[in-house]
Amino acid sequence: MYYCPYCGTKVKDEELFCLNCGKKLPSDLSKRVDTSKQKFNRLWFLPISLGILLLIVTIGLFLLTEKQAEQALEYYEKSEQYILEGKYDLARDNLDKAIKLKPKFEQAIIAKEFIQIATIVSNNIDKAEGYLEEEQFQEALGLINESERILSPYHGEVTTDLIEQLHSERNSIKFASLLAALEKQPSIDELKILLWDAEEIKTVEAKEVAENIRNQIANYTYSKAVELLTKHQFSDAHLLVNDGLKYASNSEKLLSLQQTIDKEKEAYESEQQKRIEQAIHLAEEERELNEMGAVELIDVDFEVDDQGALIVFGEIKSVATIPINSIIVKYALYTDNTEEPYLTNKAFVFPDILYPGDHGNFEFTHYDIDQKIDITRIQIEKFTWYTN
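Here we summarise the structure given alongside this text. Since the model is a prediction, treat every value here as computed from it, not as a measurement.

1. A few points about the pattern of salt bridges
- A complete count under the given rule lists 12 salt bridges for this structure.
- The partner of E363 in a salt bridge is K253, with the nearest N and O atoms 2.9 Å apart. Pair noted here: E363 is in strand β8 (residues 359–366) and K253 is in helix α9 (residues 252–269), with a separation of 110 residues, a long-range link. In terms of burial, E363 and K253 fall into one category: buried.
- Across the salt bridge formed by K263 and D352, the nearest N and O atoms sit 2.8 Å from each other. Of this pair, K263 sits in helix α9 while D352 sits in the loop between β6 (343–350) and β7 (353–354), and the two are 89 residues apart along the sequence.
- Looking at K263, the relative accessible area reads 33%, which means it is partly exposed.
- One network of salt bridges, in which partners are shared, links E199, E211 and R214.

Written as structure tokens, this is what we have:
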């Protein structure tokens, strides 16, 4: 189909004149139309070709980027597994590959930073072990504290495992420091501080050591409080026992002694000492007439503890027909081949009140006996008690 070049009306190929305007049509009309089409095609060929090429390149780059992203993710997932296994070098290599494929891979960048922190923490734990072997406890604890500080911004399974390792290492360091301090035979005030340290360590071994320290504090407090009690220094004895109970709150003998002190003080302040002494005298006569009277000795012995203190202990039984209380055991310690006692002392029986048939115990720790003195035997001199 062609068009009249003069009026634009459609004309057929075989027509020589335009039916609209009547003018003769050019003989080269068909050639003109074809040339125009060729020019049109050539003009649009280049941009269309460039567009298609650009589309192909874009699709190719997209597919390449997607492939690299998948490979980067695979390397990242491998690094995660290596981190969980503690293989930080292999994890770092895989993260480097992931970041190279995907430079803005934020998770991989953070994971790589964490590996650096985890490596520092692992090295600090190893260094702390070395300090521990050299008994440089403060230096070792400093490394543990620093490791916890740099781990604080991170969370997750690996972080939790590292923190548990740090806690375990701290407990080991503190426990070793505690044992080293106990080997130096600390004073009673130092023992109280060490008890706090032992209670902070949440391990079975530390719990046993803490219990041993409590017993030492209780024994010391009991012995010193009894000395004050025998001198009628009731307030001082009461204060000392209360202080001891702060550290050994479940000590049966301290609780019993506390009751004894209160009763002794009440009796002393109410000026009924005469009646008490008379009761003691009558009880003593009764004991002599009835071969120990209301109290029967079951056992008595002594031993030397790890600190060199001599501990006297024993057991009695009430054979009275009524309750008795505030039972006092007077005993004497002898050295080898001597008739005169090296020293005499008194110990209170606990519990404070014994009902007929009940058993009671007594114990006293001597801290002031020279370790060179060889105590060979103990002898009970007498028992005294009160009745209601």
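2. Some details on unusual backbone geometry
- Between F350 and the following residue, P351, the backbone shows a cis peptide bond with an omega angle of 5°.
- Residue position: P351 is located in the loop between β6 and β7.
- One non-glycine residue, Q185, lies in positive phi territory at about 50°.
- The topology assignment puts Q185 in the loop between α5 (157–182) and α6 (188–200).
- Residues other than glycine seldom take positive phi values, yet S326 does so here, at roughly 50°.
- Tracing the backbone through its elements, the reader meets S326 in strand β5 (residues 324–335).

3. Some points on the side chain of T335
- Within the secondary structure layout, T335 lies in strand β5.
- When residues no more than four places from it in sequence are discounted, the contact partners of T335 are Y342, I373, D374, I375 and T376.

4. So, the packing of aromatic side chains
- With the rule as written, the count across this model stands at four aromatic pairs.
- Between the NZ or CZ atom of K253 and the centre of the ring of Y222, over which it lies, the distance is 5.3 Å.
- Over the ring of Y334 we find R377; its NZ or CZ atom is 3.9 Å from the centre of that ring.

5. Quick word on the layout of surface pockets
- Approximately 530 Å³ is the volume attributed to the largest pocket.
- Surrounding the largest pocket, 18 residues form its lining, L191, N212, Q216, D305 and Q307 being those nearest its centre.
- Of all the elements in the fold, those that place two or more residues in the lining of the largest pocket are α5, α6 and α7 (204–230).
- Of all the elements, α7 adds the most residues to the lining of the largest pocket, at six residues.

About the cut-offs
Residues numbered from 1 in each chain as written. Predicted model: local features only at pLDDT ≥ 70, side-chain atom pairs only at ≥ 80, totals over all residues. Heavy atoms only, no water. Salt bridge = Lys/Arg side-chain N within 4 Å of Asp/Glu carboxyl O. Helix = DSSP H or I, 4+ residues; strand = E, 2+ residues; numbered from the N terminus. Buried < 20%, exposed > 50% of the residue type's maximum accessible area, 1.4 Å probe, protein only. Contact = heavy atoms within 4.5 Å. Phe/Tyr/Trp six-rings, centres within 6.5 Å; stacked < 30°, edge-to-face > 60°. Lys NZ or Arg CZ within 6 Å of the ring centre and 35° of its normal. 1 Å grid on protein atoms, 1.4 Å probe; cavity = no way out; pocket = protein on both sides within 12 Å on 5 of 7 lines; lining within 4 Å. Points joined across faces, edges and corners; volume = space filled by probe spheres on them.

Scope: geometric values only; no functional claims are made or implied.
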